Amino acid sequence: MAVVVQRMVFPEAAGIMFTADPVTSNRRVTSIDAGFGLGEAFVSGLVNADNYRVRDGRVVDRKIATQTKELRASPDGGTEERPVEPARRHAQTLSDERILRLERLGRRIEAHFGRPQDIEWGLADGEFHVLQSRPITTLYPVPPSDDGRNHVYISYGHRQMMTDAFTPLGLSFFQLLHDRLGRTAGTVAGNRFYRDLSHELASPVARAFTLRSLDQVDVLMARALRAVLPVLRQYVRLAREDDPGAVPELVARNEATVEKLRRDIAGRSGDELFAFIVADHDVLAELTFDPRSVAAAFLGIQSVNWVNKHMEAWLGEKNAADAIARRVVEGYLRAYGMHCQGDIDITRTRWSEDPTLLVPLILGDIRNFPPGERPRKAGRGRAEAERTMNDLLERLRRRPGGARKARKAARKMSLVRHFIGYREYSKHALLQRHEIYKRALLAEARRLAGRGVVEDPEDVYFLSLEEFGEVVNTGRLDRALVTRRREEHEAYRKLTPPRVITSEGEVISGEYDTGSVPKGALPGIAVSSGVVEGRARVVRALEDATRRIRDGQLIRVNGTEGYVELLPER
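Let us look at the structure shown here. (Residues numbered from 1 in each chain as written. Predicted model: local features only at pLDDT ≥ 70, side-chain atom pairs only at ≥ 80, totals over all residues. Heavy atoms only, no water.)

What follows covers empty space enclosed by the protein. Vacant regions in the atomic arrangement are exposed by a probe of water-molecule size rolled over the atoms. By the definition in use, this model includes three cavities of 30 Å³ or more. Reported here for the largest cavity is a volume of approximately 110 Å³. Around the largest cavity, the lining comprises 13 residues; the ones closest to its centre are Asn254, Leu287, Ser293, Tyr422 and Ala429. Looking at the lining of the largest cavity, the elements with two or more residues in it are α10 (246-265), α11 (270-288) and α17 (425-450). (1 Å grid on protein atoms, 1.4 Å probe; cavity = no way out; pocket = protein on both sides within 12 Å on 5 of 7 lines; lining within 4 Å. Points joined across faces, edges and corners; volume = space filled by probe spheres on them. Helix = DSSP H or I, 4+ residues; strand = E, 2+ residues; numbered from the N terminus.)

The next subject is the packing of α10 against α11. Where α10 meets α11, the closest approach of the two axes is 12 Å, and the angle between their N-to-C directions is 175°. Compared by their axis directions, α10 and α11 come out roughly antiparallel. Taken together, the residues of α11 that come into contact with α10 (itself represented by Asn254, Thr257, Leu261, Asp264 and Ile265) are Leu273, Phe276, Ile277, Asp280 and Leu287. Across the contact of α10 with α11, the residue classes break down as six nonpolar, two polar and two charged. (Axes fitted to C-alpha atoms, helices over the stretch in contact; angles between N-to-C directions. Parallel < 35°, antiparallel > 145°, perpendicular 65-115°, else oblique. Contact = heavy atoms within 4.5 Å. Nonpolar A, V, L, I, M, F, W, Y, C, P; charged D, E, K, R; others polar.)

Turning our eyes to something else, we now look at the sheet that holds strand β8 (residues 127-135). Taking strand neighbours across the sheet as the criterion, the six strands line up as β4-β3-β2-β1-β7-β8 in an open arrangement whose pairing is antiparallel. The two strands at the open ends of the sheet, each matched to only one other strand, are β4 (58-63) and β8. Taken over all neighbouring pairs, the strand axes of this sheet differ in orientation by 20° on average, direction set aside. Inspection of the sheet shows strand β1 (residues 13-18) paired to strand β7 (residues 117-124) by six bridges, in the antiparallel sense. Directly across from Met17, in β7, lies its bridge partner Ile119. Strand contacts of helix α3 (residues 96-113): β1, β2 (29-36), β3 (50-55), β4, β7 and β8, with the helix running at about 40° to β8, the strand carrying the most contacts. (Pairing = 2+ DSSP bridges.)

Let us look at the pattern of salt bridges. Under the definition given, this model contains 39 salt bridges. Where Arg262 meets Glu259, a salt bridge forms, and the shortest distance between an N and an O atom there is 2.6 Å. Taken as a pair, Arg262 and Glu259 lie in helix α10 at a separation of three residues, close to a single helical turn. Among the residues examined, Arg262 registers a relative accessible area of 34% and is labelled partly exposed. Glu259 sits in the partly exposed class, given a relative accessible area of 39%. Its salt-bridge partner being Glu394, residue Arg397 comes within 3.5 Å of it at the nearest N-O pair. With Arg397 and Glu394 both in helix α15 (residues 373-397), this residue pair falls three residues apart, about one helical turn. A relative accessible area of 36% places Glu394 in the partly exposed class. Salt bridges linked by common partners bring Arg28, Arg55, Asp56 and Glu504 together as one network. (Salt bridge = Lys/Arg side-chain N within 4 Å of Asp/Glu carboxyl O. Buried < 20%, exposed > 50% of the residue type's maximum accessible area, 1.4 Å probe, protein only.)

Let's shift gears to the environment of Gln234. Secondary-structure assignment places Gln234 in helix α9 (residues 229-241). With a relative accessible area of 18%, Gln234 lands in the buried category. Linking Gln234 and Val294, residues 60 residues apart in sequence, is a C-alpha distance of 8.8 Å. Not counting residues up to four positions away in its chain, the partners in contact with Gln234 are Pro291, Arg292 and Ala295. Within the structure, the side chain of Gln234 is placed 2.9 Å from the side chain of Arg292, a separation counted as a polar contact. (Polar contact = N/O pair within 3.5 Å; in protein donor to acceptor, adjacent residues only side chain to side chain.)

Attention now moves to the sheet that holds strand β9 (residues 152-155). In a beta sheet, neighbouring strands pair by backbone hydrogen bonds and run either parallel or antiparallel. Read across the open sheet, the five strands follow the order β10-β11-β9-β12-β13; overall the sheet is antiparallel. Sheet topology places β10 (187-189) and β13 (507-508) at the edges, where each strand pairs with a single neighbour. As paired elements, β10 and strand β11 (residues 192-196) share three bridges and run antiparallel to each other. Bridged to Val188 within β11 is Phe193.

Moving on, we get to the layout of surface pockets. Its volume calculated, the second largest pocket comes out at about 520 Å³. Of all the secondary-structure elements, those providing two or more residues to the lining of the second largest pocket are β1, α1 (40-43), β7 and β8. Class assignment for the residues of the lining of the second largest pocket results in twelve nonpolar, six polar and three charged.

Structure (structure tokens):
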């Protein structure tokens, strides 16, 4: 065993250097804190340190602190506090030449370790001494690009209210679907998907449309509607007919394909199973972009937007469509149990796989509601929606030109009630097939575990679909690869994914428009309109919600994923 013995350094200046900006995460900016004497003085809060920021070999920002004290090594051992003489109290600790020399040293250390570093340094006798260097573990990985240009990426997960890291198998399935849809799933960073918006943001016309679409509907759906003529035809036809049977017909057609999938996948294994799953994604892609299905979903969304916009303009009523549509959506989603939090990752545990997650919810219903309350609440909700719609239409009729406006509004409200429930169905159809794929794949994984190829069936979650198939075919697994990916996934899972990140690693943070929000209030995005009062509870995990909340409480969550389906009555 070897022991490292280092010479004690007595610096005239010391500090900390981050080779990536600790505030913005920009990888091209180095941040240096510097103070007179030992670094312990500003680390402990005794004094403030200078801060210099360096980019591309140039000091781009500096903040000079007033230093009245410094710590120095004591001749008797330990340290002692000394006053800084007046001439140095307002002086810059390091000259620009030394700042740039230190920055170059930091970049050499970063290159050696292959990742941004947090470096402690000291300056003694005109030379810099590195006391310690360790990786900065809080930085979010930069989406890869190889063209040397600047890029801006937005998080796919924030659009879908699912910001958790995917496993490699989950990433593989998501990419497979997008390949079959003829589009890219985006760039993977931190086991999450990011979409490059650089091209759209470079054009003034495209920029305005893109930013507007981010506030409204899914930009891909909007483009599909504009680009595919059959979808436009179906949209016009559905809007004209306003047939309440259209959505049930679409649902029944999908259910028939799901039953066929269950029959056809039964008994398949090995290469045949993997080839079948890949081929079935053509069916899934056809269902996803079916013109009538896309048009039905878009019609519901656009009708809600129309009702909300015009009811506010004509009657001053905000979010009027909520009361009309609410019971439709909740009743539609309540029946589906293959969902879970983060369910677009195929490897997540479904409620059907672990029904114990539902036990607290059932007990909560027993505790909070009398027998038969669910159908009574559903009836009250339908009655409330009917009263709201009739009230809005009656108020419109009493206004100048109101009869014509009321006819238009009544038609749009009818479209809302008939089609808004279909908005989430394409995702539900995806999850139906994922559940079937997963059962078949886990059967393969259990066979691998029985043969000793994998230690745990869930080891396959850390392989791509192609790699999984290769392991089944050869009976050989690189266990070191699985271990490394497990560790990477656990590290990525703990990171907070940024909504917007650049190719330099800089995280761009937005702020809520707080408007008239009282001081100290929690700003956010309201799920439903109106004002509600009650005891508020912050919920960080879905399982906490099912165990802890009570009827009448308000819950604040990080996203809606899973909560709507699991807590429809709250």
